[in-house]
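Observations on the three-dimensional arrangement
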Amino acid sequence: MNPEERAQSDDVFMAEALRQAQRAYRRGEVPVGAVVVREGRIIARAYNQVELLKDATAHAEMLALTMAESVVGDWRLTDCTLYVTKEPCPMCAGAVVHCRLQRVVFGASDPKGGAAGGALNLLQFHGLNHRCEITAGVRQDDCAGILKAFFAERRRDSSVSLARPPDPSADGSAN
């Protein structure tokens, strides 16, 4: 695949990861979406479900990797690519290395907590037994935009609830 074809295919697969992020947003989850691609086909898709499942490990990447392992019938995903809307955290990057993914493509960088070159780079760490190819910044504006909108909405909602005096009838003690 030439670089232009690869960029076009990256855009298509990141669009599906963004659709997954939108699903997370609608459910009140941090809007991160992920897809795993093998031989040009999506074999797994997921979005963050930390709040829904009450599970700190239920990141989009972790859920998509588990699903892909089930589809492939093996924990090794050596011929797969992960597309994710936000740079993977250290937990997810560690799972990616253990699954031996060939490539990780992400949209929005995370300079404070990203583990694919943001705060650190576990995906290409010399002391580990596997290194992944990394492509950063695919549909970066779209991926960053949904995160910014989500957190702006959360801040606005929390400041409204903090500014509003409590409703005395809410606890049933009024009258």
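Notes on the structure follow.

1. With respect to the pairing of strand β1 (residues 33-38)
Most of β1 sits inside the fold, with five of its six residues counted as buried. With six bridges connecting them, β1 and strand β2 (residues 41-47) associate as antiparallel partners. Bridging across to β2, Val37 finds its partner in Ile42. Remark: two residues form the turn of the hairpin made by β1 and β2, two consecutive strands paired antiparallel; Glu39 in that turn has positive phi of roughly 50°. As paired strands, β1 and strand β3 (residues 80-86) are joined by five bridges and run antiparallel to one another. Note on β3: the bridge partner recorded for Val35 is Tyr83.

2. Section: the sheet that holds β1
With mixed pairing, five strands are arranged side by side in an open sheet as β2-β1-β3-β4-β5. A strand with exactly one partner marks an edge of an open sheet, and here the two such strands are β2 and β5 (133-136). Neighbour-to-neighbour, the strand axes of this sheet turn through a mean angle of 15°, independent of strand direction. With respect to the sheet, helix α1 (residues 3-26) is in contact with β1, β2, β3, β4 (103-108) and β5, its orientation differing from that of β3 by roughly 55°. Against the sheet, helix α3 (residues 60-72) engages β1, β2 and β3, with an angle of about 145° to β2.

3. Focus: the packing of aromatic side chains
The full count for this structure, using the stated rule, is three aromatic pairs. Measuring from centroid to centroid gives 5.5 Å for Tyr25 and Phe150, while their planes differ by 70°, and the two rings are edge-to-face. Note that Tyr25 is positioned in helix α1 and Phe150 in helix α5 (residues 140-163), a separation of 125 residues in sequence. Members of the aromatic cluster, connected to one another through ring pairs, are Tyr25, Phe150 and Phe151.

4. Things to note about the nonpolar core
Grouped together as the largest cluster of nonpolar side chains are 41 residues, with contacts concentrated most on Val36, Leu65, Leu82, Val96, Leu101 and Leu123. If you list the elements that add at least two residues to this core, you get α1, β1, β2, α3, β3, α4 (90-99), β4 and α5. Each residue touching Leu101, except ones within four places of it in the same chain, is listed here: Leu65, Leu77, Cys80, Thr81, Leu82, Val96, His130 and Cys132.

5. Let's talk about the environment of Asn2
Here Asn2 shows up in the segment before α1. Considered as a pair, Asn2 and Glu69 are 67 residues apart in the sequence and their alpha carbons are 28 Å apart. Polar contacts involving the side chain of Asn2 include one to the main-chain amide nitrogen of Glu4, which spans 2.9 Å. A polar contact of 2.7 Å, which involves the side chain of Asn2, links it to the backbone nitrogen of Glu5.

Conventions used here
Residues numbered from 1 in each chain as written. Predicted model: local features only at pLDDT ≥ 70, side-chain atom pairs only at ≥ 80, totals over all residues. Heavy atoms only, no water. Buried < 20%, exposed > 50% of the residue type's maximum accessible area, 1.4 Å probe, protein only. Helix = DSSP H or I, 4+ residues; strand = E, 2+ residues; numbered from the N terminus. Pairing = 2+ DSSP bridges. Axes fitted to C-alpha atoms, helices over the stretch in contact; angles between N-to-C directions. Contact = heavy atoms within 4.5 Å. Phe/Tyr/Trp six-rings, centres within 6.5 Å; stacked < 30°, edge-to-face > 60°. Core = buried A, V, L, I, M, F, W, Y, C linked by side-chain atoms within 4.5 Å. Polar contact = N/O pair within 3.5 Å; in protein donor to acceptor, adjacent residues only side chain to side chain.

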